[in-house]
Amino acid sequence: MAKVLVIGAGGVGSVAVHKMAMNPDIFGEIALASRTKAKCDAIAASVKERTGQTIATYQIDADDVAATTALLNEVTPVLVVNLALPYQDLHIMDACLAAGVNYMDTANYEPIDEAKFEYKWQWAYQERFKEAGLMALLGSGFDPGVTSVFATWLKKHKLDTIRTLDILDCNGGDHGQHFATNFNPEINIREVTAPARHWLNGEWIETPALTIRENFDFEAVGPKNMYLMYHEELESLAHHLPEIERIRFWMTFGDAYITHLTVLQNVGMTRIDPVIYEGKEIIPLQFLKAVLPEPASLGATTKGKTNIGDIATGLKDGVEKTFYIYNICDHEDAYHETGNQAVSYTTGVPAMIGAALMVQGIWKGEGVFNIEQFDPDPYMDMLNKHGLPWQVKELAGPLAF
Ligand code: NDP
């Protein structure tokens, strides 16, 4: 039974730690560290109440590599599950190398002063992890994460080759707030306001943010507007599944969200460069984060469902076929089980599953890996068993748009 250290005590960290504690046969000991120890203690209290398991908690600034290395040497986990922010990824990978510990995360590295996420920084750790005999698994959340596993499962079981892949991310939940984001507001707004990019015949096609829109009828949610966006799994899927001609990512947003975001952008509140306010430098987006509701606080009021999945068109035995594979998750059920809404739940459960496959040696290797490099079957089985059941159906033909 393995000892793991989770870093980051937000909504995703909370779900992952609750789900690990529900599987004590896999996770013998769980430690949780974050910048604010009181948040770790609150999660530990909830875990104790819901599962009877005890979680050790620690304060850490994960940007401090020496302090994080010392913590790893003290706790001696076999795996660090990084559920802090993308800015911490490289620092935590450095600490893992220094202490000889395996690594996993759910979001790829992004420099704090540039809204640009790319795998190149983390892929550059390949040789160092290999030489150290350690494994790093990148992106075991829902998207990235489950959506890439869905693609490899379709390729393994339903299609010989995939020609087009569309990832459709719908949050049909209502949190009752005028404007709030369902995961870290700073990361969410940086992602949504970045130019859209999709992969077409070996090239990236860039379009201005939130300008390409389609309406799609999501099961259990209904018709929603969804917008073409860039998302990090497009890069790794294009790299690892080079046969795919076109890969696109779509996310739904309500009109109120788009209106608020447009105003915030127009007045400069989403800027990530420093401005002087009363003689002090502040970053407008970080200030905005401070006044918006914490995603972890939205659980109690959020109602509705998420529906996230992939539509893939390709050939099977020479005949073109299209499959839709997706999961529907209910916000209130997720809250009832772990005290967090479905966006945290749909990320925290796959984080637990990725960690479980690593610590049991079911997924193993030396170096830095994306999730689509492994056999999807054990992951898909665990999704069904641990709260994110999926469905697959054949569609009459490819998407009309
Ligand atoms: P939150 O902002 O709710 O939580 C982040 C946590 O990390 C907070 O507890 C925060 O501490 C802590 N943290 C921040 N900086 C540091 C630091 N330097 N050292 C130690 N701890 C730190 O975010 P979420 O839980 O919503 O998201 C967590 C991660 O999951 C993010 O990387 C996000 O991008 C990713 N994600 C991935 C998804 C996927 O499907 N792949 C979907 C949704 C999220 P404090 O409380 O003090 O601020």
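Criteria and thresholds
Residues numbered from 1 in each chain as written. Predicted model: local features only at pLDDT ≥ 70, side-chain atom pairs only at ≥ 80, totals over all residues. Buried ≥ 20, exposed ≤ 12 C-beta atoms within 10 Å, placed from the backbone. Helix = DSSP H or I, 4+ residues; strand = E, 2+ residues; numbered from the N terminus. Pairing = 2+ DSSP bridges. Right-handed = clockwise from strand over helix to strand, strands pointing away. Axes fitted to C-alpha atoms, helices over the stretch in contact; angles between N-to-C directions. Parallel < 35°, antiparallel > 145°, perpendicular 65-115°, else oblique. Left-handed = near helix turned anticlockwise from the far one by under 90°. Contact = placed C-beta atoms within 7 Å. Nonpolar A, V, L, I, M, F, W, Y, C, P; charged D, E, K, R; others polar. Domains from an automatic or database assignment. Expected span 1.5 Å × (residues − 1). Near = placed C-beta within 6 Å.

**Q** What am I meant to see in the pairing of strand 4 (residues 79–82) here?
**A** Within a regular strand, the side chains alternate between the two sheet faces. By the alternation rule, side chains of strand 4 split into Leu79 and Val81 and Val80 and Asn82, which are all buried. Bridge count between strand 1 (residues 2–7) and strand 4: 4 bridges; the pairing is parallel. Directly across from Leu5, in strand 4, lies its bridge partner Val80. What joins strand 4 to strand 5 (residues 102–105) is helix 4 (residues 89–99), and the crossover it makes is right-handed.

**Q** For this particular structure, what's the right way to read the packing of helix 8 (residues 185–193) against helix 11 (residues 284–291)?
**A** Helix packing geometry: the angle between the two helix axes and the distance between the axes. The N-to-C vectors of helix 8 and helix 11 enclose an angle of 130°; their axes lie 9 Å apart at closest approach. The angle between the axes of helix 8 and helix 11 places the two elements in the oblique class. For the pair helix 8 and helix 11, the sense of crossing is right-handed. Along the contact surface, helix 8 presents Pro185, Glu186 and Ile189, while helix 11 presents Leu285, Gln286, Leu288 and Lys289. Of the residues that constitute the contact of helix 8 with helix 11, the class distribution is 4 nonpolar, 1 polar and 2 charged.

**Q** Is there a simple way to explain the sheet that holds strand 5 in this structure?
**A** Strand pairing in a sheet is mediated by backbone hydrogen bonds. Such pairs are either parallel or antiparallel. With parallel pairing, 7 strands are arranged side by side in an open sheet as 3-2-1-4-5-6-17. The two strands at the open ends of the sheet, each matched to only one other strand, are strand 3 (56–59) and strand 17 (367–370). Averaged over all pairs of adjacent strands, the angle between strand axes in this sheet comes to 20°, irrespective of strand direction. For strand 5 and strand 6 (residues 135–138), the ladder comprises 2 bridges, and the chain directions are parallel. For Tyr103, the partnering residue across the bridge sits in strand 6 and is Ala136. Here helix 4 sits on the sheet and contacts strand 1, strand 4, strand 5 and strand 6; the angle it forms with strand 5, its principal contact strand, is near 165°.

**Q** What exactly am I supposed to notice about the domain arrangement of the protein here?
**A** Buried accessible area, meaning the area lost when the parts come together, often serves as the stated size of an interface. On domain assignment, one finds that the protein holds domain 1 (2–138) and domain 2 (146–342 + 389–395). Domain 1 and domain 2 are separated by 24 Å when their C-alpha centres are compared. Each residue belonging to the side of domain 1 that touches domain 2 can be placed in one class, and the counts come to 6 nonpolar, 6 polar and 2 charged.

**Q** Mind showing me how you'd approach helix 7 (residues 146–157) here?
**A** Because an α-helix packs 3.6 residues into every turn, residues spaced three or four apart end up facing the same way. Spanning 12 residues, helix 7 covers 16 Å between terminal C-alpha atoms, matching the ideal 16 Å at 1.5 Å per step. Of all the 12 residues making up helix 7, 10 are buried; the element is thus mostly covered by neighbouring parts of the structure. Within helix 7 the residues assigned to the buried category are Val146, Thr147, Ser148, Val149, Phe150, Ala151, Thr152, Trp153, Leu154 and Lys155.

**Q** Any chance you could explain helix 10 (residues 255–266) here in plain terms?
**A** Its 12 residues place the ends of helix 10 16 Å apart at the C-alpha level, agreeing with the 16 Å of an ideal helix rising 1.5 Å per residue. Immediately downstream of helix 10, the backbone of Gly268 shows phi near 90°, a positive value.

**Q** It is not clear to me how the site of the ligand should be interpreted in this structure. Could you clarify?
**A** Lining the immediate surroundings of the ligand are 33 residues, of which Gly10, Arg35, Ala62, Gly141 and Phe183 lie closest. Tallied by class, the residues present in the shell around the ligand amount to 16 nonpolar, 12 polar and 5 charged. Of the domains in this structure, domain 1 (2–138) and domain 2 (146–342 + 389–395) are the two that each give at least three residues to the shell around the ligand.

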